[in-house]
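In case you want the letters, here they are:
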Amino acid sequence: MEITLKSPLDMHLHLRDGDMLRTVAPLSSQSFAGAIVMPNLVPPVTTKDSLLSYKERILEATKGDVFTPYMTLFFKSTYDYDFLADFGDTLTAIKLYPAGITTNSEGGVSGFELDTLRPTLEAMSELGLPLCIHGETNGFVMDREAQFVPIYEKLANAFPKLKIIMEHITTKESVEALERYENLYATITLHHLLITLDDVAGGMLKPHLFCKPIAKRPHDKEALLEVALEGNPKVMFGSDSAPHPQHAKESCGCAAGVFSAPLALIALAELFEKHNALKKLQNFVSNNAQKIYSITPAEKTILLKKQPTLIPAKYGNVVPMLANEEVLWSIEQIR
Ligand code: NCD
Ligand code: ZN
Ligand code: ZN
């Protein structure tokens, strides 16, 4: 059995910088035609200079591959129309983090008062720049995302022309919110389609499956699966592949993030095939994103075949999801 994917896109990816960038970027650029690159470096990407030089380093690290890094800025409520207009095509979206909610988000926003956010969000609406949000409150960890839904709704109501992307959604509540607002969209990761909290902490603790937002309940996973497998036009694949060195994961203060980029496409093929939904995979991994973001990626054709791949124990010093396990599909050809 085979399937051909045209220009797959990863709409939420952490590439980091320096040695880590050089290790992980080729593992995405090999099989994806492009990716939305997250700006949560240390310090975060907040200026045109830092965005352009980061893009150059990504292009250098992915040289030889057909791969477009779609660049994002780390949201600040001080950005105005002229500042944002000056980026032109080099800026694809802006990523908003509540302060301190996840890895490298300390400089994020500390409140969602419309008056504070309005100038920047109005400028983004006018420029057609999507707003990507890590939507969690600082409440109880299992409830954070559901508690954030009213904030998504407030923003979606106040800025009807702004495309708002609910990043890496993990709950039924988020899936339901999607259908209520025309301007709400979402990315869904591979891991949240495969695991629940049980897989992370139900038995021996699995640090390599620990991420924000934490994996939720079985009915949440079912709700995510339903919209992904039907190729629902409001959702798109975003791996949220977030590499951390092995020592930072296997530690008494485990860093949040699952590294899945190298196996994302083959594991998605296995999952979609299992649910008789292979025909919808193209929508989930590219077509929906192209429409939502109004982007046309370079042509790249990936032939996947039902033939097992053994996932390595490590890539550099990063342990991937499904390390030492077999995925039932493999990448046969890249053109
Ligand atoms: C991400 C990271 O490591 O940068 N971690 C995570 O658990 N998802 C940050 C993020 O996407 O929230
Ligand atoms: Zn996040
Ligand atoms: Zn992320």
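Look a little higher up for the structure.
The model shown is predicted, which means the values in this text are computed figures rather than measured ones.

(A) Local environment of the pairing of strand 5 (residues 93-96). A two-sided burial pattern is seen for strand 5, the buried positions comprising Ala93 and Lys95 on one face and Ile94 and Leu96 on the other. Note that strand 4 (residues 68-74) and strand 5 share three bridges and pair parallel. By the bridge assignment for strand 5, Thr72 is matched with Ala93. Sheet analysis places strand 5 next to strand 6 (residues 131-133), joined by three bridges and oriented parallel. Its bridge partner lying in strand 6, Ile94 is registered against Leu131. Read from strand 5 through helix 4 (residues 114-127) to strand 6, the crossover connection turns out right-handed.

(B) Quick peek at the nonpolar core. Residues Phe272 and Phe284 are the most contacted members of the largest nonpolar core, which totals 95 residues. Setting aside anything within four residues of it in sequence, one finds Phe272 in contact with Ala228, Leu229, Ala277, Leu278, Lys280, Leu281 and Phe284. Within the second largest apolar cluster, 17 residues are counted, among which are Tyr70, Cys132, Ala289 and Ile295.

(C) Quick peek at the site of ligand 1. Surveying the vicinity of ligand 1 reveals 15 residues, the closest of which are Arg16, Asn40, Thr102, Lys212 and Asp240. Side-chain polar atom of Thr103 to an oxygen atom of ligand 1: 3.2 Å apart, as the coordinates give it. The fraction of the free accessible surface of ligand 1 (320 Å²) that becomes covered by protein chains is 100%.

(D) Examining the pattern of salt bridges more closely. Tallied over the entire structure, the rule returns nine salt bridges. Between Asp19 and Arg22 there is a salt bridge, with the nearest N and O atoms lying 2.7 Å from each other. Linking Asp19 with Arg22, this pair stays in helix 1 (residues 18-29), spanning three residues, or about one helical turn. Judged by relative accessible area, Asp19 falls into the exposed class, the value being 59%. Residues Asp115 and Arg118 are paired through a salt bridge, measuring 2.9 Å at the closest nitrogen-oxygen approach.

(E) Molecular detail of the coordination of the zinc ion (ligand 3). Taken together, the protein ligands of the zinc ion (ligand 3) are His12 (NE2), His14 (NE2) and Asp240 (OD), with distances of 2.0 Å. Classification of the site at the zinc ion (ligand 3) as tetrahedral follows from its four donor atoms and the range of 94 to 134° in their angles at the metal. In primary sequence terms, the donor set of the zinc ion (ligand 3) follows H-x1-H-x225-D. A separation of 3.8 Å is found between the zinc ion (ligand 3) and the zinc ion (ligand 2). Judged by its relative accessible area of 0%, His12 falls in the buried class.

(F) Here's a closer look at the coordination of the zinc ion (ligand 2). Surrounding the zinc ion (ligand 2) are the protein donor atoms His134 (ND1) and His168 (NE2), which sit 2.0 to 2.1 Å from the metal. Considering all four donor atoms around the zinc ion (ligand 2), the spread of angles at the metal, 54 to 148°, places the coordination shape in the irregular class.

(G) Quick peek at the sheet that holds strand 8 (residues 184-188). Pairing in this open sheet of eight strands is parallel, and the strands run 2-3-4-5-6-7-8-9 from one edge to the other. For this open sheet the edge positions go to strand 2 (9-13) and strand 9 (235-237), each flanked by a neighbour on one side alone. Here the strands of the sheet are splayed against their neighbours by 25° on average, with no regard to which way each runs. Sheet contacts for helix 2 (residues 48-61): strand 3 (34-37) and strand 4; angle to strand 4, the most-contacted strand, approximately 150°.

(H) Geometry of a negative patch on the surface. On the surface, a cluster of negative charge is contributed by Glu179, Glu222, Glu226 and Glu230. Mapped onto the elements of the fold, Glu230 is located in the loop between helix 9 (218-229) and strand 9. Residue class for Glu230 comes out partly exposed when judged on its relative accessible area of 40%.

Conventions used here
Residue indices begin from 1 for each chain and proceed along its sequence in written order. Whichever chain is written first becomes A and whichever ligand is written first becomes 1, with later ones labelled in order. In keeping with the predicted nature of the model, local features appear solely for residues at pLDDT of at least 70, side-chain atom pairs appear and are counted solely at 80 or more, and the whole-chain, interface and lining totals rest on all residues. To get the side-chain values, all heavy atoms of the structure are used, and hydrogens and water are removed first. For every residue, the accessible area obtained with a 1.4 Å probe (protein chains only) is divided by the maximum for its type, and the residue is called buried under 20%, exposed over 50%, and partly exposed between those limits. Secondary structure elements follow DSSP: runs of H or I no shorter than four residues count as helices, runs of E no shorter than two count as strands, and numbering proceeds from the N terminus. Strand pairing is assigned whenever DSSP detects at least two bridges linking the two strands. By convention, a crossover is right-handed whenever its connection, traced from the first strand over the helix to the second and viewed with the strands pointing away, goes clockwise. Working definition of a nonpolar core: buried Ala, Val, Leu, Ile, Met, Phe, Trp, Tyr and Cys residues. They are joined through side-chain atoms within 4.5 Å. Here, residues are in contact when the closest pair of their heavy atoms is within 4.5 Å. Proximity is defined per residue: if any heavy atom of the residue lies within 4 Å of a molecule or strand, that residue is considered near it. We define a polar contact as two N or O atoms separated by no more than 3.5 Å, with the added condition that, inside protein, one atom must be a possible hydrogen donor and the other a possible acceptor, whereas residues neighbouring each other in sequence contribute only through side-chain atom pairs. The accessible surface values rely on the Shrake-Rupley method and a 1.4 Å probe; as for residues, cover is taken only from the protein chains in view. Every case where a carboxyl oxygen of Asp or Glu lies within 4 Å of a side-chain nitrogen of Lys or Arg is listed as a salt bridge. A 2.8 Å cut-off from the metal defines N, O and S donors, relaxed to 3.2 Å for Na, K and Ca; water is not in the atom list, so some sites may appear incomplete. Geometry is assigned from the angles between donors: four donors with all angles from 85 to 135 degrees make a tetrahedral site, four or six donors whose opposite pairs exceed 155 degrees while the rest stay between 65 and 115 make square planar or octahedral sites respectively, and everything else is labelled irregular. For every element, the axis is a line fit to its C-alpha atoms; helices are fit only across the contacting stretch, and the angle between N-to-C directions ranges from 0 to 180 degrees. Nonpolar side chains (Val, Leu, Ile, Met, Phe, Trp, Tyr) within 5 Å and like charges within 9 Å form the patches, drawn only from residues with over 30% relative accessible area and no salt bridge. Charged residues are defined here as Lys and Arg on the positive side and Asp and Glu on the negative side; His and the ends of the chain fall outside this count. Lys charges are placed at NZ, Arg charges at CZ, Asp charges at CG and Glu charges at CD.

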